[in-house]
Amino acid sequence: QVQLVESGGGLVQAGGSLRLSCAPSGRTVSRFGMGWFRQTPGKEREFVAAINWIGGVTYYADSVKGRFTISRDSAQNTVYLQMNSLKPEDTAIYYCAATRQFLGVRARMDEYDFWGQGTQVTVSS
């Protein structure tokens, strides 16, 4: 079992930046593909970004491409989501997820095996 813990959310003004972190408890996620998703009330959870187990392959939703960067630090056993040029429409609960399918990158929720509890990101206009 993998328990994921997100941190780094908060309130920021439009145009600002935040960095989210995702760290597992109980075991390493070095052999897992990792992803970030987000969800707003009344909407389905949507894909944001993914990274393969080595960290050499990344994939982004069009809505965040060029503004967000996903990365991983194997030594720290942590995955990050650097969010720049934030917009009010980025406001959501952000979830970290891990998949045993570590080859390539995954963008569908059903491809992920473990999820964190989420961290709130609020962008004010």
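Our subject is the structure listed above.
Residues numbered from 1 in each chain as written. Predicted model: local features only at pLDDT ≥ 70, side-chain atom pairs only at ≥ 80, totals over all residues. Heavy atoms only, no water.

Attention now goes to the overall build of the protein chain. Across its full length, the protein chain carries zero helices and eleven strands. Reading the secondary structure of the protein chain in the N-to-C direction produces β-β-β-β-β-β-β-β-β-β-β. In summary, the protein chain has a C-alpha radius of gyration of 13 Å against a globular reference of 14 Å for 125 residues, a match within 12%. Burial analysis of the protein chain (125 residues in total) assigns 42% to the buried set. Of the roughly 6,400 Å² of accessible surface on the protein chain, 47% is carried by carbon and sulfur atoms. The distance from the centre of the 13 positive side-chain charges to the centre of the 10 negative ones in the protein chain is 4 Å. (Helix = DSSP H or I, 4+ residues; strand = E, 2+ residues; numbered from the N terminus. Rg over C-alpha atoms; globule rule 2.2 N^0.38 Å. Buried < 20%, exposed > 50% of the residue type's maximum accessible area, 1.4 Å probe, protein only. Areas by Shrake-Rupley, 256 points an atom, 1.4 Å probe, with all protein chains shown as cover. Lys, Arg positive; Asp, Glu negative; His and termini not counted. Charge placed at Lys NZ, Arg CZ, Asp CG, Glu CD.)

So, about the nonpolar core. Grouped together as the largest cluster of nonpolar side chains are 34 residues, with contacts concentrated most on Leu-4, Met-34, Trp-36, Leu-81, Met-83 and Tyr-94. Mapped by element, the contributors of at least two residues to this core are strand E3 (18-25), strand E4 (33-39), strand E5 (46-51), strand E7 (68-73), strand E8 (78-83), strand E9 (92-99) and strand E11 (119-124). Other than its neighbours up to four places away in sequence, Met-83 contacts Gly-16, Ser-17, Leu-18, Leu-20, Arg-67, Phe-68, Tyr-94 and Val-121. (Core = buried A, V, L, I, M, F, W, Y, C linked by side-chain atoms within 4.5 Å. Contact = heavy atoms within 4.5 Å.)

What follows concerns the packing of aromatic side chains. Taken as a whole, this structure holds six aromatic pairs when the rule is applied. On the numbers, 5.2 Å between centres and 80° between planes, the contact of Phe-37 with Tyr-112 is edge-to-face. Of the two residues, Phe-37 sits in strand E4 while Tyr-112 sits in the loop between E9 and strand E10 (114-115), which places them 75 residues apart along the sequence. For the pair Phe-37 and Tyr-112, a shared accessibility class is recorded, and that class is buried. Aromatic side chains Phe-47 and Tyr-59 sit 5.5 Å apart centroid to centroid with 25° between the ring planes, which places their arrangement in the stacked category. One end of the pair, Phe-47, is in strand E5; the other, Tyr-59, is in strand E6 (residues 58-60), with twelve residues separating them in the sequence. Judged by relative accessible area, which is 41%, Tyr-59 ranks as partly exposed. Over the ring of Tyr-95 we find Arg-45, and its NZ or CZ is 3.6 Å from the ring centre. (Phe/Tyr/Trp six-rings, centres within 6.5 Å; stacked < 30°, edge-to-face > 60°. Lys NZ or Arg CZ within 6 Å of the ring centre and 35° of its normal.)

Turning next to the sheet that holds E3. Strand order in the open sheet formed by four strands is E1-E3-E8-E7, and the pairing between neighbours is antiparallel. Here the strands that pair on one side only, and so sit at the sheet edges, are strand E1 (3-7) and E7. Going across the sheet, the axis of each strand differs from the next one's by a mean of 20°, ignoring polarity. As defined by bridge partners, E1 adjoins E3 across five bridges and the pair is classed as antiparallel. Opposite Gln-3, over in E3, you have Ser-25 as the bridge partner. (Pairing = 2+ DSSP bridges. Axes fitted to C-alpha atoms, helices over the stretch in contact; angles between N-to-C directions.)

Right, let's get into the state of the cysteines. Inspection of every chain in the model, using the stated rule, returns one disulfide. The side chain of Cys-22 participates in a disulfide bridge whose partner is Cys-96; the two sulfur atoms lie 1.9 Å from each other. Disulfide Cys-22-Cys-96: the torsion about the S-S bond is -75°, which places it as left-handed. On the criterion of sequence distance, the pair formed by Cys-22 in strand E3 and Cys-96 in strand E9 is long-range, its members being 74 residues apart. (Disulfide = S-S within 2.5 Å.)

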